[in-house]
Amino acid sequence: MSEHENPHIIVEEGIERGREAKIPENGARIGRAHENDVVFDDPSLSRFQCRLFFKEDRLWVADLGSANGTLVNGKEVTEAALKVGDEVIIGEMSFRIVRDSYHGLPAPMSEGEGSAKSDTQAKKESGKKDDAPKVEKISPAEADEKESGSKDIDLGLGKKKSGGGSSADKGERRPKGDGKVPTVFWMVAILTVLAAALAVVYKVSGLGEKPALKQPEGDTLAIYYEKIEGDAENVFRYEMMLEDDVIKVNIDNLDTDQHISEEVTVGKDIIATLRTDIINAGYSGLQPEYMGLSDSSYDLKDITVTMGNKVVRSKVLNRTEPKEFADVRKLLETFAEAQLGLAALALPPEELRRLAQEAYLLGQDLYAAKNVQPENLWRSLRAFRDVEIHLRTIEPKPDYYDTAISMQSTCDDEISKRYDDANYQATRAMTLRDWPLAAEKLKVIMEQIPDRGDERYEAARRKLLEAERNMER
């Protein structure tokens, strides 16, 4: 880690002892699931254990409903501010805070900090339990917040802010090409006058610099698209970035408690087609801004398209989109959904949970009957994959989720074994010129793997045609 990437935490106990991590400005989830920002391969952790984030440039930790809880200096917390030297225990591991703000170098530790183990850690190692009562740390700001009844809405995108504009109001700008979006500050108070709440959202979201995408060369393409829909009850934010053949999408929906961050590398031919479609839609002829007013909602759509040395940015706020703008917006959303598989966003969480449970039960039934019909094992695999797809945006995951993931590997392994066996027998029969037996085994393969897009199905189909031609001679 370079001097410009000073860590915020260092692991002191556990299987990843000595590992350091820097927390980005928009925070980081920690756990054993690969979807986390910081992944620790420790079975004692929950899939999503806790989250570190910054509030007013101070490092905080929040437990994500983990099984073992999150302890700060021996006290279990739901959410707590952190300072240099604090020990955070999660599962059977612990890490020390060596820097407690996003900016600046690590603060010096007092003598003995960082090397001496806490009383709690010593008790853990000796097998003794900590008899201290579990107390949640609450900052003075949170106490005032609870007394007043107000509540900040945190999209998980960065620091909360109690007033004023965004960082862009003060002239701050993210370095060019870092691929991150400036922190969006939200404060939607529970007010008796709806218009006052909407005015806050309008003021905060309407300001700020967009990330400076790296200028693409030649006919390549770079895109930044942001959509925010807000009212006094909910805020929905959608962000899409395309740069260097990588598409990234971040989605935050407070109403359904969905927070999604996905990315994937896209083929150059697919991007070239998207570029042509954007040109044909007439996006380059749009005005920079289409502004309107609304008494009941906040509706922002902002798209920046960069092609070579030409940059076109157009923003629509609280008014009907021009046709060319709407065409490009729908084009981008469809493109992202197809590349990242985000169809689950169209359904509410309750429906996704119901579909996932039905798929899980179906997968179990089909696996139990895997020897009744040749295709049952394949259908079982598809059902368990559907569980993963339906629950992709749902947190916390139900208890059967890990079993469904494990069953995918089990089914896949058994399908491969059956294929290898049948394919060997078919190949042997063809070598012996026993065409009827070869045809029989090849048909078994096609029944066991009924996916025409699967290479094994196609290979068996070609061999079957050859066997049938020889049988007709």
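Refer to the preceding data block for the structure.
Residues numbered from 1 in each chain as written. Predicted model: local features only at pLDDT ≥ 70, side-chain atom pairs only at ≥ 80, totals over all residues. Heavy atoms only, no water.

Across its full length, the protein carries ten helices and 18 strands. For the protein, the residues scored as buried account for 46% of the 473 residues in total. A sequence separation of at least 24 residues applies to 55% of the contacts in the protein between residues at least 6 apart. By element, 49% of the accessible surface of the protein is carried by carbon and sulfur atoms, the whole surface being about 24,700 Å². (Helix = DSSP H or I, 4+ residues; strand = E, 2+ residues; numbered from the N terminus. Buried < 20%, exposed > 50% of the residue type's maximum accessible area, 1.4 Å probe, protein only. Contact = heavy atoms within 4.5 Å. Areas by Shrake-Rupley, 256 points an atom, 1.4 Å probe, with all protein chains shown as cover.)

Here the idea is simple: oppositely charged side chains can pair when their charged atoms come close. Here the structure, examined in full by the defined rule, presents 23 salt bridges. In this structure, E239 engages R237 in a salt bridge whose closest nitrogen and oxygen atoms are separated by 3.3 Å. Classification of R237 as buried rests on a relative accessible area of 1%. Here R313 makes a salt bridge to D302, at a shortest N to O gap of 2.6 Å. (Salt bridge = Lys/Arg side-chain N within 4 Å of Asp/Glu carboxyl O.)

Judged by how many residues are buried, strand 11 (residues 93–97) sits mostly within the fold: five of five residues are covered. Alternating residues of strand 11 divide into M93, F95 and I97 and S94 and R96, and every residue in both groups is buried. Relative to strand 11, strand 1 (residues 9–13) runs antiparallel, the two sharing four bridges. Paired with I10 across the strands is R96, a residue of strand 11. Hairpin connection between strand 10 (residues 87–90) and strand 11: a loop of two residues separates the two successive antiparallel strands, and G91 in this loop has a positive phi of roughly 60°. (Pairing = 2+ DSSP bridges.)

Let's shift gears to the sheet that holds strand 2 (residues 20–21). Taken in spatial order, the six strands line up as 2-1-11-10-7-8 in an open sheet, and their pairing is antiparallel. Of all the strands in the sheet, just strand 2 and strand 8 (75–77) have a single pairing partner and so form its edges. Note: strand 7 (residues 70–72) against strand 10, three bridges, orientation antiparallel. Directly across from L71, in strand 10, lies its bridge partner I89.

Everything listed here is a matter of coordinates, which is why it stays silent on function.
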